[in-house]
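As a plain string of letters, each chain reads:
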Amino acid sequence: MLNAWALWQILRGPASPRAGALPRDVVWLRRLLYADVAGDLLLWELLDDVSDVAEYAATWAVWTATMFLLVRALSGVSARFRIIAIGLGLTGVLAAALRLFAEGPLLTASLLLAMATLGCKAMIIAWQGRDGRFSAVTVAIGWTALLVPQVYSLLQAGRLTFDGLSLAVHALDGLIVVWAARTAHELAAPGVAAPGTGRTLRLLAAAVVVLVLPMAAVGAEGDARLTYTAADEGCRDRLRPAAGLGPEERRRSFLCLARGQTFAAATMFPEDLADQRILAYGTQLCALPGDRERHALQKRAGGTADSIELAAALEYLCPGIVARQDADAKRRQAERDRQEAAWKAEANARCADPWPRVRARRQGTAAYMLSEGGGYAVFDDRDDSAGDPGDIYGGDREAADIFDAVEDGFIDAAGSSAAILTYAENSAICLTVKVFDRAPPLRLTGWDQVVEVGIASRSGRLVVPPHPEGGDSGAAGPLPDLAVTGPGHYRLRVHARTLPWNENDPDAPLEEHLLVVYPGRSKDKVVHRPPR
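Numbers given for residues are sequential positions, taken from 1 along each chain in its written order. Reporting of local features is limited, given that this is a predicted model, to residues whose pLDDT is at least 70; pairs of side-chain atoms are given and counted only at 80 or more, and all residues count toward the totals for whole chains, interfaces and linings. Here the side-chain values reflect all heavy atoms present in the structure, with hydrogen atoms and water set aside.

Points about the packing of helix 13 (residues 291-301) against helix 14 (residues 307-317)
Lines fitted to C-alpha atoms define the axes here, with helix axes fitted over just the stretch in contact, and angles between the N-to-C directions of these axes take values from 0 to 180 degrees. Only runs of H or I of at least four residues qualify as helices and only runs of E of at least two qualify as strands under DSSP, and these elements are numbered from the N terminus. In contact at an axis separation of 11 Å, helix 13 and helix 14 are set at 85° when each is read in the N-to-C sense. By the angle between their axes, helix 13 is roughly perpendicular relative to helix 14. Side by side, helix 13 and helix 14 meet where Asp291, Arg294, His295 and Gln298 of the first sit next to Ser307, Leu310 and Leu314 of the second. Of the residues in the contact of helix 13 with helix 14, the class split is two nonpolar, three polar and two charged. Convention used here: angles under 35 degrees read as roughly parallel, angles over 145 as roughly antiparallel, angles from 65 to 115 as roughly perpendicular, and any remaining angle as oblique. In this description, contact between two residues means that some pair of their heavy atoms is separated by no more than 4.5 Å. Note that Gly is not counted as nonpolar here; it falls among the polar residues with everything else outside the nonpolar set of Ala, Val, Leu, Ile, Met, Phe, Trp, Tyr, Cys and Pro and the charged set of Asp, Glu, Lys and Arg.

Here's what the structure looks like:
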């Protein structure tokens, strides 16, 4: 009803002069007022689609000319009044123009100077009440359209609201178009218009009460609203743990995370996706059983996030998902550990001590899993004085290097590490270690090559690396520390041979190594049996 009344006031069109021709400046003033009305209703919006600057310039150009002619057209106004009003109007226009190029303090100053436009409009409307051509209703509409939005903005400074009262205020703000149309309409009468009667003012007040004030009592919709919360960049700082939050606060917290950036500098969901759509996707994600299904749905929605980020957001929407995800991860890890343990046990069962009649002080046998390129290391795992002696592909001059072992044909020793070459790669070999207090008898029978080198232990440890978690190289079973007497020098005697292929067990190792270690100060390399 309010819109219908406003449109009637505007679309009833300009009145024809009733008492002779109007002054030329009044004719142009009426044309500009109606041009401003048409601009506010449609033209400025169309021009904005072409160019923001063009729309801005046209708006202020029409207002400048309108303001100048309107001040001149007011009857009974002193020269001082006109000078002050035009000065305020031009100050506001200049400030608006500077706003396009201003930054920092200059921008703040231009915003303050733009308030001069309100002063100019206030002077015009105030004098309209004394000019007999304008009715009291027109003056009242002008004051309402000018002051109510300004007062409301001051009262709501720093707060973001979207409720019935704000809708009512925005509706009243649109009355400025009605004021311009009525002003142009009443300028058609060169004489004195009949002043608004008390009955007219009472009817206007009643219309405001009946049509506008009830809008303040209408709250925001509780359902199906397509709001966007991406502008709230500081919401993460206000997040609280999900436990103890109500349903509405949980949804807001979920939206905060769902609209924010992820570790990959992308948004978890598309920025143009409405809150209700994101909440709907969140509900579907909560019902899915695992990460793979959730990531597939999120990808279809156009978003991205890793499992941890997505679970942290869903914890607000469907409590317990993190706990369930952790439990699922633990179950999956336990199953992987069980499978790996069974795989290692099966591999170790294929290997046996090749020198069972001689018991060493320390000994062990295990399957050794080789990675691409083959080879393995014996090293002091606590000696960092020479870089990483366990990295046989590292190229460190103070540590053993597998490429030097390739040139040697079998082994390279340097400092506290040794690199041993293997024929096999990406498979398992059988590896036995035996540690003695003194040099054991030399055993050559059955071995393809036997080479002895010196190796040192600075920390009191010498190890063959174990098969790591998720890795691809290392011993599948426990092997003892080879530095039997602690820090010092040792002799490392390496035996190697190939094994026949077992057609009944195609996965059986095709290579076997025996490491014999005992204390000894010599660093000389001794080839007891060269490769055949």
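Resuming the write-up.
Some details on the environment of Thr267
Within the secondary structure, Thr267 is located in the loop between helix 11 (247-259) and helix 12 (275-287). Per-residue accessibility, obtained with a 1.4 Å probe over protein chains only, is compared with the maximum for each type, and a residue is labelled buried under 20%, exposed over 50%, and partly exposed between these values. Residue classification places Thr267 among the buried residues on the basis of a relative accessible area of 19%. When the C-alpha atoms of Thr267 and Ala305 are compared, they prove to be 7.7 Å apart, with 38 residues separating the residues in sequence. Excluding residues within four positions of it along the chain, Thr267 makes contact with Arg259, Gly260, Gln261, Thr262, Gly303 and Thr304.

So, the state of the cysteines
Here, two cysteine sulfur atoms that lie within 2.5 Å of each other are counted as a disulfide. Taken as a whole, this structure holds three disulfides when the rule is applied. Two residues share a disulfide in this structure: Cys286 and Cys318, whose sulfurs sit 1.9 Å from each other. Taking the torsion about the sulfur-sulfur bond, which here is approximately -75°, the covalent link between Cys286 and Cys318 counts as left-handed. Within this pair, whereas Cys286 is found in helix 12, its partner Cys318 is found in the loop between helix 14 and helix 15 (321-349), the two being separated by 32 residues in sequence. Residues Cys286 and Cys318 agree in their burial class; the two are buried. Bridging Cys351 to Cys430, the disulfide has an S-S length of 2.0 Å. Here the S-S torsion is close to -80°, and the disulfide linking Cys351 with Cys430 is therefore left-handed. With Cys351 in the loop between helix 15 and strand 1 (362-369) and Cys430 in strand 5 (residues 428-435), the pair connects residues that are 79 residues apart, well separated along the chain.

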